[in-house]
Amino acid sequence: MSEYTRLKKPFFVLAPMDDVTDTVFRQVIADCAPPDLFFTEFVNVDGLMSVGRPNLLKKLRFAEKEGRVVAQLWGLNPDNFRAVASQIADGSLARELGLPDGINFSGVDLNMGCPAKSEVKNGACAALIKRESWPLAEQIILATQEGLANHLPLSVKTRVGFSEVDMEWFDFLLRFDLDMLTVHGRTRKQMSKVPANWDLIGQVRQKRDDLGAKTLIVGNGDVESRAHGEELARKHGLDGIMIGRGVFHDPFVFAEQSLWETYTKEQRIDLYRKHVALFAATWQAGERPVHTLNKFCKIYIQGFDGAKELREQLMAASDTTELLRILQ
Ligand SMILES: Cc1cc2nc3c(=O)[nH]c(=O)nc-3n(C[C@H](O)[C@H](O)[C@H](O)COP(=O)(O)O)c2cc1C
């Protein structure tokens, strides 16, 4: 029984979003209204097991106050999945990240859904959904399970097919006794262009029940609020709900009752100031360039008179000192 089974249902998860859901943004969300589980951005195990490791560790950074954080991995070499999973399971990776003894990741997730060309052309991420890739997908899952040695739960995040919907992909995945399976209700080909198909996500949950598997099923795609997620979980009998882009429209998206609509101009500016200050304190060695903050600006600096002009000023800033001065 994994720790996930103890979460109240439906539990809520912040979706991994590359270059967005780093430890800084997750800490801001944790202070607004925390989900039950966070995921890191996806990190490449082949890179982690190469000389490029120091550069990639920033994607795995997390803070104690975030609570449960799942490390999301992708790559091609099963041996590297085994090695990284083992470093996560025994806590040595968390120590390398500077976390105190006793603080560790809550689990490992395998990315089998990212549709980006750069990953897919090499046969990774969503390409693993293609039937000819199932032997590799199997090796990756088994190697990661070996590395984890039952010390931490293992999950997979995937889509409902590559070019076409392929529900047999889920018969395949449900064989592995995964602790959790996140289903994004679109194929790889659909990218994000069509609405997510929640009936298909419900069908995966039905398969889980029919097979008597213990895997928790998490639905993902276009969820706008906690109430919306609760309704979908009820309708399709799901264990959990993952929300990604919904957080761009409401940093309190995981709250029972979001405060965001009532947030004043001053409170919104204050929240962005907090984000920028934490960014400056966290990435002191320049691990993340200042312009990466621009994508967050619109989350906070909107919904009041003069927001557009203030955003333009903020986006032209060349360092965090200048940003903080403008936000003062
Ligand atoms: C900017 C961005 C980056 C993403 N990066 C990842 C990632 O690193 N790993 C992953 O599994 N999914 C990634 N996704 C997909 C999201 O986790 C999620 O599945 C998708 O956005 C659909 O959920 P939503 O409609 O709630 O946003 C990313 C999505 C976006 C928009």
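Worth saying up front: this structure is predicted, and the values here are computed from it rather than measured.

A separate point is the site of the ligand. As a matter of local geometry, the ligand sits amid 21 residues, with A15, M17, F42, G244 and R245 nearest to it. Broken down by class, the residue content of the shell around the ligand amounts to eight nonpolar, eight polar and five charged.

What follows is about the environment of K58. Counting through the fold element by element, K58 comes out in the loop between α3 (53–56) and β3 (69–74). Once the C-alpha coordinates of K58 and V43 are considered, the two residues, 15 residues apart in sequence, prove to be 9.5 Å apart. In this view, K58 contacts E287 and R288; residues no more than four positions away in its chain are not counted.

The domain architecture assigned to the protein chain consists of domain 1 (3–249) and domain 2 (263–327). Taking only C-alpha atoms into account, the centre of domain 1 sits 29 Å from that of domain 2. Opposite the nine residues of domain 1 that make contact, domain 2 presents 11 residues. Here the element with the most residues in the side of domain 1 that touches domain 2 is helix α1 (residues 23–32); it accounts for five residues. Across the side of domain 1 that touches domain 2, the residue classes tally to five nonpolar, two polar and two charged.

Strands sit in the order β1-β2-β3-β4-β5-β6-β7-β8 around a closed barrel of eight strands; the barrel is parallel. When the angles between neighbouring strand axes are averaged without regard to direction, this sheet yields 25°. As paired elements, β3 and strand β4 (residues 107–112) share four bridges and run parallel to each other. Looking at the pairing, A71 lines up with V108 of β4. With respect to the sheet, helix α7 (residues 134–148) is in contact with β4 and β5 (154–159), its orientation differing from that of β4 by roughly 170°.

Moving on to the pairing of strand β7 (residues 216–220). For a regular strand, the rule is simple: side chains alternate between the two faces of the sheet. Counting buried positions over the five residues of β7 gives five, a clear majority of the element. By the alternation rule, side chains of β7 split into L216, V218 and N220 and I217 and G219, which are all buried. By the bridge criterion, five bridges tie strand β6 (residues 180–184) to β7 in an arrangement that is parallel. Looking at the pairing, V183 lines up with G219 of β7. This β-α-β element, β6 to helix α9 (residues 198–211) to β7, shows right-handed connectivity. Crossover handedness for the path β7 to helix α10 (residues 226–236) to strand β8 (residues 240–243): right-handed.

Glycine aside, negative phi is the norm for most residues, and most peptide bonds take the trans geometry. The omega angle of the peptide bond from K9 to P10 is -5°, so this bond is cis rather than trans. Secondary-structure assignment places P10 in the segment before β1 (11–14). Even without a glycine there, the phi angle at D177 is positive, about 60°. Among the structural elements, D177 can be located in the loop between α8 (168–173) and β6. Backbone geometry places M191, a non-glycine residue, at a positive phi of 45°. You can see M191 is positioned in the loop between β6 and α9. Classification of M191 by C-beta neighbours within 10 Å gives exposed; the count is 12.

Moving on, we come to the pairing of β1. Residues F11 and V13 point to one face of β1 and F12 and L14 to the other, with burial holding for every one of them. Sheet analysis places β1 next to β8, joined by four bridges and oriented parallel. Paired with F12 across the bridge in β8 is I241. Here β1 pairs with strand β2 (residues 37–44) via two bridges, running parallel. Residue pairing across strands places V13 opposite L37, the latter belonging to β2.

Here α7 spans 21 Å end to end across 15 residues, near enough to the 21 Å set by a 1.5 Å rise per residue. Listed as buried for α7 are A137, I140, I141, A143, T144, G147 and L148. On an axial view of α7, the arc spanned by its buried residues comes to 165°, and they lie on one face. Each element contacted by the buried residues of α7 is listed here: α4 (78–89), β4 and β5. In the segment just after α7, A149 is the residue with positive phi, at about 45°.

Analysis parameters
Residues numbered from 1 in each chain as written. Predicted model: local features only at pLDDT ≥ 70, side-chain atom pairs only at ≥ 80, totals over all residues. Near = placed C-beta within 6 Å. Nonpolar A, V, L, I, M, F, W, Y, C, P; charged D, E, K, R; others polar. Helix = DSSP H or I, 4+ residues; strand = E, 2+ residues; numbered from the N terminus. Contact = placed C-beta atoms within 7 Å. Domains from an automatic or database assignment. Pairing = 2+ DSSP bridges. Axes fitted to C-alpha atoms, helices over the stretch in contact; angles between N-to-C directions. Buried ≥ 20, exposed ≤ 12 C-beta atoms within 10 Å, placed from the backbone. Right-handed = clockwise from strand over helix to strand, strands pointing away. Expected span 1.5 Å × (residues − 1). Arc of directions from axis to C-beta.

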